[in-house]
Amino acid sequence: MTNPLFYAKIILFGEYGMIEDSQGLVVPYSFYKGTLKFSDSDSDSEFEKKSNQHLQKYADYLENLSLPEQFKLDVNRLKEDISKGLFFDSNIPQGYGVGSSGALVAAIFEKYCFTKHNPETISKDDLKNIKAIFGEMESYFHGKSSGMDPLICYMNLPILIENRDNLDKVAIPKGEEGKGAIFLIDSGITGETGPMIQIFFEKMKTEGFRKTLKEEFIRYNNACIDSFLKKDMNPFFRNLKKLSYWAYEHFRPMIPESIFNIWKKGLDSNAYYLKLCGSGGGGYILGFTKDYEKAEKMLDGFQKEVIYRF
């Protein structure tokens, strides 16, 4: 039997802000995906061996997790499968802010949880509980995880984070072939989540930064989510510009050097606006434009992928 595919995720809005109780909007991204597989007996792939070794260490970590009854994992069966050559076959780039560890956590939970859960019928309360479980499972990779990445990968549905305690499945407006687009730009370097989050917490120690985050960033962020879900594009782009400018001023260490000038160019020309995709430092940057053709010309030389049209 083939195992299900788990897609990558993209945080459209809420990076860092969610730590401080802002809203967040996270969507699955099917271009990248991963699935659990068994190695071919004569396969000599370095990737498969490495993945299998990583899974061995991860299984040891999971063995020591104490999870509630309905979320307990069959770690013995997992270890048995690892000894038979189990690996995680994935094209999700690591350090790009699209949820490489999240997809692995979701795949293991789906296959090895004693109690089967159906993403389509999960209640709002259960979503909260599963997110907490995923947070514990993913902390192995990041030191501390909210559980959001694996939850998105597991649900394979857009999720609106209303606040720290509440989240719900949400329908995003149907994409259509308009001139506008949301797209990804490859910064050309890998980002590491840990150090970026460290920088954020250092900044949070200063009262001025805390104040502007709460009074400006979170306000613009939540307004963007609200207008995007209503497909109300004028207020959407108005708040998006403010959000992009705020990040340019306050998240400089998280903006890869290769992106710095084009970020400013977008703000000055109003042709497109950029924001972080995940924790920043490298990986992908998100772009939003009313006229993709124009933005594409201005961003010549950068690798881009359109993820949504409007």
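Definitions and cut-offs
- Residues numbered from 1 in each chain as written.
- Predicted model: local features only at pLDDT ≥ 70, side-chain atom pairs only at ≥ 80, totals over all residues.
- Heavy atoms only, no water.
- Helix = DSSP H or I, 4+ residues; strand = E, 2+ residues; numbered from the N terminus.
- Buried < 20%, exposed > 50% of the residue type's maximum accessible area, 1.4 Å probe, protein only.
- Contact = heavy atoms within 4.5 Å.
- UniProt positions renumbered as here; feature names shortened; annotations may be inferred.
- Core = buried A, V, L, I, M, F, W, Y, C linked by side-chain atoms within 4.5 Å.

> Would you explain the environment of Ile92 in this entry?
Assignment of secondary structure puts Ile92 in the loop between strand E3 (86–90) and helix H3 (100–112). When its relative accessible area of 6% is taken as the criterion, Ile92 is described as buried. Once the C-alpha coordinates of Ile92 and Ala103 are considered, the two residues, 11 residues apart in sequence, prove to be 8.6 Å apart. The contact partners of Ile92, leaving out residues within four places of it in the chain, are Phe6, Ala8, Tyr32, Lys33, Gly34, Val98, Gly99, Ser100 and Ala103.

> Any chance you could explain the UniProt feature "domain: GHMP kinase N-terminal" (unreviewed entry) in the protein here in plain terms?
In this structure's numbering, the residues bearing the UniProt feature "domain: GHMP kinase N-terminal" (unreviewed entry) are residues 86–155. End-to-end, the C-alpha atoms of residues 86–155 are 23 Å apart, and along that stretch the chain is 57% helix and 7% strand.

> Would you take a moment to explain the nonpolar core for this structure?
The nonpolar side chains of soluble globular proteins are, as a tendency, buried together. Of all hydrophobic cores here, the largest spans 101 residues; its most connected members are Ile108, Met137, Phe251 and Trp263. When residues no more than four places from it in sequence are discounted, the contact partners of Phe251 are Glu15, Tyr16, Phe200, Phe209, Phe217, Trp246 and Leu276.

> I keep staring at the environment of Lys57 and nothing clicks. Help me out?
Among the secondary structure elements, Lys57 is positioned in helix H1 (residues 46–63). Taking the C-alpha atoms as reference points, Lys57 and Tyr140, separated by 83 residues in sequence, lie 9.9 Å from one another.

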